[in-house]
Amino acid sequence: MQNLAWALSLILMAVVAAVFLWVVKGASRPGGDGGAIARTAFQWRDRLFWLVIAAGAAISFATLREWPIAGHAATAAKPDVVIRATGHQFRWQLERDTVRAGQLVEFELTSADVNHGFAIYKDKNTLVAQTQAMPGYVNKLQVRFTEPGDYEVLCLEYCGIAHHNMRAVIKVRAGS
Ligand SMILES: [Cu+2]
């Protein structure tokens with residue numbers, strides 16, 4: 001479904017771009033009096049237009065090539081521990097809740113009902129990592145806990161009346 005939506009979006013974007021280029025190509029040049037100045041202005045506008053397009057393409061290519069979220073596809077390293085986790089209204093179900101400091105832990109997140117936000121906190125206010133837990137999808141989140149301690153898991157997506165009760169604890173023991 002997602003792939004179909006993506007393909008349709010690409011096709012529609014191509015159609016819009018083609019219509020746009022066709023209109024640009026067919027647009028008439030200014031004529032009449034004041035022609036020389038207007039022509040120069042239009043020439044500059046044309047050049048600037050293509051310059052902006054080229055700059056936009058180059059900047060997009062340079063900045064979007066690397067996926068900015070760790071733990072996806074080619075950037076993902078092989079984890080030491082995999083923990084399957086499921087969000088429910090209104091609790092977290094973790095396959096295991098104890099790991100060792102220094103291990104690369106991969107959470108495989110999904111949801112049994114609605115969207116939840118799986119967020120791992122160190123202390124009260126430091127967000128360590130987060131991703132969405134979505135029904136029908138498995139989202140992978142890789143985390144390397146460097147410091148031992150208790151890490152609290154909270155829900156970052158308002159998912160219903162007892163959303164605030166969605167708490168779990170990941171215990172990170174000192175590494176061996
Ligand atoms: Cu929630």
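Since the model is a prediction, treat every value here as computed from it, not as a measurement. (Residues numbered from 1 in each chain as written. Predicted model: local features only at pLDDT ≥ 70, side-chain atom pairs only at ≥ 80, totals over all residues. Heavy atoms only, no water.)

### Overview of the overall build of the protein chain
Thought 1: What the protein chain contains, in helices and strands, is two helices and nine strands.
Thought 2: Of the regular secondary structure in the protein chain, the N- to C-terminal order runs α-α-β-β-β-β-β-β-β-β-β.
Thought 3: In the protein chain, which comprises 176 residues, the share counted as buried stands at 27%.
Thought 4: Taking all contacts inside the protein chain whose residues are at least 6 apart in sequence as the whole, residues at least 24 apart take part in 62%.
Thought 5: Per element, the accessible surface of the protein chain, about 12200 Å² overall, is 61% carbon and sulfur. (Helix = DSSP H or I, 4+ residues; strand = E, 2+ residues; numbered from the N terminus. Buried < 20%, exposed > 50% of the residue type's maximum accessible area, 1.4 Å probe, protein only. Contact = heavy atoms within 4.5 Å. Areas by Shrake-Rupley, 256 points an atom, 1.4 Å probe, with all protein chains shown as cover.)

### A word on the pairing of strand β4 (residues 104-111)
Thought 1: In terms of burial, β4 is a largely internal element, eight of the eight residues being buried.
Thought 2: The alternating pattern of β4 places Leu 104, Glu 106, Glu 108 and Thr 110 and Val 105, Phe 107, Leu 109 and Ser 111 on opposite faces, both of which are buried.
Thought 3: With seven bridges joining them, strand β1 (residues 81-88) and β4 adopt parallel strand pairing. If you follow Ala 85 over to β4, its bridge partner there is Leu 109.
Thought 4: Summarising the sheet, β4 and strand β7 (residues 139-144) pair through six bridges and their orientation is antiparallel. Bridge pairing in β7 places Leu 104 opposite Arg 144. (Pairing = 2+ DSSP bridges.)

### Overview of the sheet that holds strand β9 (residues 167-173)
Thought 1: As summarised here, the arrangement of the five strands in space is β3-β9-β8-β5-β6, forming an open sheet in which the pairing is mixed. Lying at the two open borders of the sheet, with one neighbouring strand each, are β3 (98-100) and β6 (126-133). Pairs of neighbouring strands in the sheet enclose a mean axial angle of 25°, with direction left out of account.
Thought 2: The pairing of strand β5 (residues 116-122) with strand β8 (residues 149-155) spans five bridges and is classified as antiparallel. Directly across from Tyr 121, in β8, lies its bridge partner Glu 152. (Axes fitted to C-alpha atoms, helices over the stretch in contact; angles between N-to-C directions.)

### With respect to the coordination of the copper ion
Thought 1: At 1.9 to 2.5 Å from the copper ion lie its protein donor atoms, namely Cys 155 (SG), Glu 157 (O), Cys 159 (SG) and His 163 (ND1).
Thought 2: If you look at the copper ion, its four donor atoms make angles of 83 to 126° with each other, and the shape they trace is irregular.
Thought 3: Along the chain, the residues donating to the copper ion are arranged with the sequence spacing C-x1-E-x1-C-x3-H. Take Cys 155 and Cys 159: they sit in the same class, and that class is buried. (Donors = N, O, S within 2.8 Å, 3.2 Å for Na, K, Ca; no water. Tetrahedral: all angles 85-135°; square planar, octahedral: opposite > 155°, others 65-115°.)

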